[in-house]
Amino acid sequence: MQDLPQDVWELVATYLSQEELVALVAINRVFLNLVLDTRFGEVEWIQPNSRMVKSLIRLIDPFVAKRVKRLCIRDSLMQDLLQKTNHFEDPGIVPVVHGMMGRLYGFMSKTPTSPAPEISLEGIEDRPRDIVRLIAQAITKMSNLRIFALECRDLSRYKDTERILQACRSVYNPYLHKLVLHGTLSELSSMIAGVTLVDLEDLDLTFECDSFASPGGLVGARLASAINTFAPNLSSLKILSYAYDDHSQFFKSLGLFPELRHLSIRVRFDKHHFPDTSGLNEVLRRHRLTLHHLEILPEHWNGEDESQTSAWAIFLEQCLLDLDQWPTSLQTLSIPAFDLPTTMSLVRPVANTLTSLRLAHKYLTYLEVADVIDLFHRRPTELKHLSLDVTLTTPNLLGLLARKLPGLVSLTLVIEDATSTMQSILRTDPNGSDNIAWKLYDLSIFNKKFRDDSIFIGAPMSFEFEEGLMAQFSYLLPSVRSFKGRGHMDMIRIC
């Protein structure tokens, strides 16, 4: 049996549970590698607890560390370590944290470094300084890392922040495929400026709140210029912003990404954060032939805020004026439905290619839903995934969706009037006479997106109410086998 090819052993392993695999590690090197690859392929550090420390001790061994393909370091880890040492003010821990933050970005640096001092592992759970040093050592040994995610909020609270950010330049793993970073615009700009990532395909950036906005959006422009250096292979760009800055210059400064397939933009559309959307319009025009997945959703949307609605209206108006330059081969689209007729004008040109549609920020009536799904009735490419905000979900609405979209696989509904929805469902026959014949597999029901926390406290549609409502839907839609993407058994127990 020792002579069996490795791919045969790997096939055998697919029939075994993790516990069974661990028991077989001594059989041969193939099983040993499979266990280590499964156990340490993805590493996420959230808090410096005993479980994390045990994993970390294993990862200082290069034979184990090279198994890590994805590393995620949460901001909570650093905050916890710092708080355990005099709340950011211990002169001993801060330099160690700074050194670690610099080394986070140097895990694949080829520059020779002096040997790290030996760290005693006995009782290390109670020594945050040594945990930090150990983290830095482990990272430098992750030679096969492909996905790196780092949250670095509030770096301004650390001393010599600029020195840390400068140390992060030019020492990223040049073979990373995906990079996820959280930070202020200035921090992100410093992190990636001058960095060479020849194989980077996926860039996911979150702009955290700055204590002040840069004049004229200059910092955003510098960040965009840094992103442009990843142009050759970048296929996915995601931007989520909570920053106070004017984002206009950022989008105006973005260049051409020849391989861009996925674009996600979530920023505030108003006169302060995004007064001039022409840059975003130009980005869409520039990539109209390559984009397959597009998400443009305003953050902190308030349909009663005139500055927000006017900014979004200007963006839509420009899109309609250049409708022939709108992306032509979209497979997924997520946009607000605030101005439904205009929104439908943007959906119509790509209805033949769309397989997934999300319309948000407007609760649609039955007739408005009918108008939307008429765009996809008897089209060559069936819509597979649909997400809508609706005023009310009734058996009639579900029947309409089943008739017009028979190939739908998943449906997500955010309901405004939960009480009336429950009443309409309870009036159906539980014995099956009202069952709807459909191929729908997954159903997700969510509460109205209340903007005021005080309103949410008294909302009738709590989490338990959502669960109960979906349980009632299970009678009406016998084809559904999954709720909120997690399988059917949870609902069966509730019923």
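Bear in mind that the values here come from a model prediction, so they are computed numbers and not experimental data.

What counts and how
- Residues numbered from 1 in each chain as written.
- Predicted model: local features only at pLDDT ≥ 70, side-chain atom pairs only at ≥ 80, totals over all residues.
- Heavy atoms only, no water.
- Helix = DSSP H or I, 4+ residues; strand = E, 2+ residues; numbered from the N terminus.
- Buried < 20%, exposed > 50% of the residue type's maximum accessible area, 1.4 Å probe, protein only.
- Contact = heavy atoms within 4.5 Å.
- Areas by Shrake-Rupley, 256 points an atom, 1.4 Å probe, with all protein chains shown as cover.
- Pairing = 2+ DSSP bridges.
- Core = buried A, V, L, I, M, F, W, Y, C linked by side-chain atoms within 4.5 Å.
- Polar contact = N/O pair within 3.5 Å; in protein donor to acceptor, adjacent residues only side chain to side chain.
- Salt bridge = Lys/Arg side-chain N within 4 Å of Asp/Glu carboxyl O.
- Phe/Tyr/Trp six-rings, centres within 6.5 Å; stacked < 30°, edge-to-face > 60°.
- Lys NZ or Arg CZ within 6 Å of the ring centre and 35° of its normal.
- Arc of directions from axis to C-beta.
- Axes fitted to C-alpha atoms, helices over the stretch in contact; angles between N-to-C directions.
- Parallel < 35°, antiparallel > 145°, perpendicular 65-115°, else oblique.
- Left-handed = near helix turned anticlockwise from the far one by under 90°.
- Nonpolar A, V, L, I, M, F, W, Y, C, P; charged D, E, K, R; others polar.

A.B. asks: Please give an account of the overall build of the protein chain that cites residues and values.
C.D. replies: The helix and strand tally for the protein chain stands at 21 helices and 14 strands. Out of the 495 residues belonging to the protein chain, those deemed buried represent 50%. Contacts in the protein chain between residues far apart in sequence, at least 24 positions, make up 77% of those at least 6 positions apart. As displayed, the protein chain offers around 23,100 Å² of accessible surface, 53% of which is attributable to carbon and sulfur atoms.

A.B. asks: Give me the pairing of strand 2 (residues 70-73): which residues, what numbers.
C.D. replies: Strand direction decides the pairing type here: strand 1 (residues 42-45) and strand 2, joined by 4 bridges, are parallel. Residue pairing across strands places Trp45 opposite Ile73, the latter belonging to strand 2. As paired strands, strand 2 and strand 3 (residues 147-151) are joined by 4 bridges and run parallel to one another. Bridge assignment links Cys72 to a residue of strand 3, and that residue is Ala149.

A.B. asks: Run through the nonpolar core, naming residues and quoting values.
C.D. replies: Counting 123 residues, the largest nonpolar core has Trp45, Leu71, Ile227, Leu357, Leu386 and Leu411 as its most contacted members. Here this core gets 6 residues from one element, more than from any other, and that element is helix 8 (residues 128-140). Those residues in contact with Leu386 that lie beyond four places of it in its chain are Leu357, Ile373, Leu401, Leu405, Leu408, Ser410, Leu411 and Thr412. Within the second largest apolar cluster, 7 residues are counted, among which are Ala13, Leu21, Val30 and Val35.

A.B. asks: Let's hear about the side chain of Glu295: which residues, and what values?
C.D. replies: Mapped onto the elements, Glu295 comes out in strand 8 (residues 293-296). Judged by relative accessible area, which is 17%, Glu295 ranks as buried. A polar contact of 2.4 Å, which involves the side chain of Glu295, links it to the side chain of Ser264. Glu295 has contacts with Leu263, Ser264, Ile265, Arg266, Ser334 and Arg358, leaving out every residue within four places of it along the chain.

A.B. asks: I'd love a proper account of the pattern of salt bridges, names of residues and values included.
C.D. replies: Side-chain pairs of opposite charge can arise where the charged atoms are in close proximity. One pass over the structure, following the stated rule, counts 15 salt bridges. Here Glu151 and Arg74 are joined by a salt bridge, their closest N and O atoms 2.7 Å apart. With Glu151 in strand 3 and Arg74 in the loop between strand 2 and helix 6 (75-83), this pair connects stretches of sequence that are 77 residues apart. The buried category is assigned to Glu151, whose relative accessible area is 10%. Within this structure, Glu282, Arg285, Arg286 and Asp322 form a network of salt bridges that share partners.

A.B. asks: Could you give an account of the packing of aromatic side chains, naming the residues involved and the relevant values?
C.D. replies: Tallied over the entire structure, the rule returns 7 aromatic pairs. Between Phe250 and Phe251 the ring centres are 5.0 Å apart and the planes differ by 85°, which places this aromatic pair in the edge-to-face class. On the accessibility criterion, Phe251 (1% relative accessible area) is buried. Pairing Trp312 with Phe315 gives two aromatic rings, centres 5.1 Å apart and planes at 40°, and the pair type is tilted. In this pair, Trp312 and Phe315 both sit in helix 14 (residues 306-321), 3 residues apart, roughly one turn of the helix. Each of the two residues, Trp312 as well as Phe315, counts as buried. An aromatic cluster is present here, built from Phe207, Phe250, Phe251, Phe269, Phe274, Trp312 and Phe315 joined pairwise through their rings. The cationic tip of Arg39 hangs over the ring face of Phe40; the distance from NZ or CZ to the ring centre is 4.6 Å. The ring centre of Phe63 lies 4.5 Å from the NZ or CZ of Arg67, which sits over that ring.

A.B. asks: Any details on helix 4 (residues 50-59)? Residues and values, ideally.
C.D. replies: Listed as buried for helix 4 are Met52, Val53, Ser55, Leu56 and Leu59. Looking straight down helix 4, one finds its buried side chains confined to an arc of 165°; they lie on one side. Residues of helix 4 that are exposed and point over 90 degrees away from its buried face: Arg51 and Lys54.

A.B. asks: Can you explain the packing of helix 3 (residues 29-40) against helix 4? Please cite residues and give values.
C.D. replies: Two numbers describe how helix 3 lies on helix 4: the axes approach to 12 Å, and their chain directions differ by 130°. Judged by the inter-axis angle, helix 3 sits oblique to helix 4. Between helix 3 and helix 4 lies a crossing of left-handed hand. On helix 4, the residues touching Leu36, Arg39 and Phe40 of helix 3 are Ser55, Arg58 and Leu59. Looking at the contact of helix 3 with helix 4 residue by residue, the classes come out as 3 nonpolar, 1 polar and 2 charged.

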